[in-house]
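Below are the chains, spelled out letter by letter.
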Amino acid sequence: MAGVDALIRDRMQSPVPVIPALADHLISSAGKRLRPLLTIAAARLAGARDDACLKLAGAVEFIHTATLLHDDVVDSSELRRGRVAAHLIWGAPSSVLVGDFLFARAFELMVEAGSMPALEILARASRVIAEGEVLQLTRAHDLDLTQELYLEIIGAKTAELFAAAAEAGAVSADASRERCAALRRFGANLGIAFQLVDDALDYSGASETLGKNPGDDFREGKTTLPLLLAIARTGGAETEFWTRVIGRRDQTDADFLRAIDLMRATGALQSTLDLAADYAESAKAALDDFASTNGWRPALEDLADFAVTRRT
């Protein structure tokens, strides 16, 4: 990971001063680096002995960072990783364009890695992520969103990069098709578990640990699973409330607290966390064909457990 960080810092440099300044604002913050870590761990589990996966890991982190910059502009977010969102400092145009720069750097790294299959995996992931973000945007404030479509959205916008990160790592190790597919399943299930916990934390975390303002999803009218479950379980009794605060986004601070109370009373938050735990178990099950004596298997299993027990 030290090697990946060094590579990232080298490749975010540019003779245009705002580019490294803005990129460093986000990259040097308290990010978990889970996705590049997943690429390296998958490569090691699949038998890699060299550092061929490092450039792919760097590409994965650049793709992730680029999407964060774009998302914060779209969502008008105020905080990211405990810092003021970049677009509030440098402006939305600069944030979007630096995000584009990081995407370009990611593709340069993919090409340098010299693996056409890995390039295909990460290029496809970039397209799927964009589709997921647009789909989410078009279904914002939709009180009739189904759980199935919600899972499709987070599968695209979040889990796809986890899946691609793990699969690309396996490919860089020349793993068999079956092992590449198994690690892709691990990443996909891990990504869904991770996003489900994120969605629950938006209603149950604190800003000093989350690194962002709790309630952002609520204020933006995003129909995440805790909200969908609470709407379904309160039935017609709260239709007017949900229509006002989510459908019309006519909200007060007290409305957010009331939404939390309804989610707790209906068990919506716990159900979301329970589903996340199920996906984490599915992720670990995808590793069954890997030898238990390989030290990287328990490391990846620990990563799945971390995804559902974290508070940030």
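Here goes a summary of the coordinates provided. All values reported here derive from a predicted model rather than from experimental measurement. (Residues numbered from 1 in each chain as written. Predicted model: local features only at pLDDT ≥ 70, side-chain atom pairs only at ≥ 80, totals over all residues. Heavy atoms only, no water.)

Counting across every chain of the model gives 23 salt bridges. When the shortest N-O distance is used, the salt bridge between Asp 75 and Lys 222 registers 3.0 Å. Of this pair, Asp 75 sits in helix 4 (residues 54-75) while Lys 222 sits in the loop between helix 11 (216-220) and helix 12 (225-234), and the two are 147 residues apart along the sequence. Here Asp 75 falls in the partly exposed class, since its relative accessible area comes to 21%. (Salt bridge = Lys/Arg side-chain N within 4 Å of Asp/Glu carboxyl O. Helix = DSSP H or I, 4+ residues; strand = E, 2+ residues; numbered from the N terminus. Buried < 20%, exposed > 50% of the residue type's maximum accessible area, 1.4 Å probe, protein only.)

This paragraph deals with unusual backbone geometry. Phi is positive for Arg 33, close to 55°, though the residue is something other than glycine. Within the secondary structure layout, Arg 33 lies in the loop between helix 2 (18-27) and helix 3 (34-45). Within the chain, Asp 174 stands out as a residue other than glycine whose phi angle is a positive 55°. For Asp 174, the position within the fold is in the loop between helix 8 (147-172) and helix 9 (177-204). Its relative accessible area of 71% is what places Asp 174 among the exposed residues.

On the surface, a nonpolar cluster with roughly 260 Å² of combined accessible area is contributed by Val 84, Leu 88 and Ile 89. On the secondary structure map, Ile 89 appears in helix 5 (residues 86-90). (Patch = residues over 30% accessible without salt bridge, like charges linked within 9 Å, V, L, I, M, F, W, Y side chains within 5 Å. Areas by Shrake-Rupley, 256 points an atom, 1.4 Å probe, with all protein chains shown as cover.)

Estimated volume of the second largest pocket: approximately 440 Å³. If you go around the second largest pocket, you meet 20 residues; those closest to its centre are Asp 71, Val 74, Asp 75, Glu 133 and Leu 137. Those elements that provide at least two residues to the lining of the second largest pocket are helix 4 and helix 7 (116-138). With seven residues, helix 7 is the largest single contributor of residues to the lining of the second largest pocket. Looking at side-chain class alone, the lining of the second largest pocket contains eight nonpolar, six polar and six charged residues. (1 Å grid on protein atoms, 1.4 Å probe; cavity = no way out; pocket = protein on both sides within 12 Å on 5 of 7 lines; lining within 4 Å. Points joined across faces, edges and corners; volume = space filled by probe spheres on them. Nonpolar A, V, L, I, M, F, W, Y, C, P; charged D, E, K, R; others polar.)

Turning our attention to the environment of Val 197. With respect to the element layout, Val 197 can be found in helix 9. Looking at Val 197, the relative accessible area reads 1%, which means it is buried. Placed 79 residues apart in sequence, Val 197 and Ala 276 show a C-alpha to C-alpha distance of 6.5 Å. Other than its neighbours up to four places away in sequence, Val 197 contacts Leu 273, Ala 276, Ala 307, Val 308 and Arg 310. (Contact = heavy atoms within 4.5 Å.)

Turning to the packing of helix 3 against helix 8, a few remarks are in order. Contact geometry of helix 3 with helix 8 gives a least axis separation of 7 Å together with a crossing angle of 35°. Viewed along their axes, helix 3 and helix 8 form a crossing whose handedness is right-handed. Here helix 3 contributes Arg 35, Leu 38, Thr 39, Ala 42 and Ala 43 to the contact with helix 8, which in turn contributes Leu 161, Phe 162, Ala 165, Ala 166, Gly 169, Ala 170 and Ser 172. Each residue belonging to the contact of helix 3 with helix 8 can be placed in one class, and the counts come to eight nonpolar, three polar and one charged. (Axes fitted to C-alpha atoms, helices over the stretch in contact; angles between N-to-C directions. Left-handed = near helix turned anticlockwise from the far one by under 90°.)

As a packed pair, helix 15 (residues 268-285) and helix 16 (residues 296-309) sit with axes 9 Å apart at the nearest point and diverge in direction by 170°. Considering their axes alone, helix 15 and helix 16 lie roughly antiparallel with respect to each other. On the side of helix 15, the interface is formed by Ala 276, Ala 277, Ala 280 and Lys 284, while helix 16 contributes Glu 301, Ala 304, Asp 305 and Val 308. (Parallel < 35°, antiparallel > 145°, perpendicular 65-115°, else oblique.)

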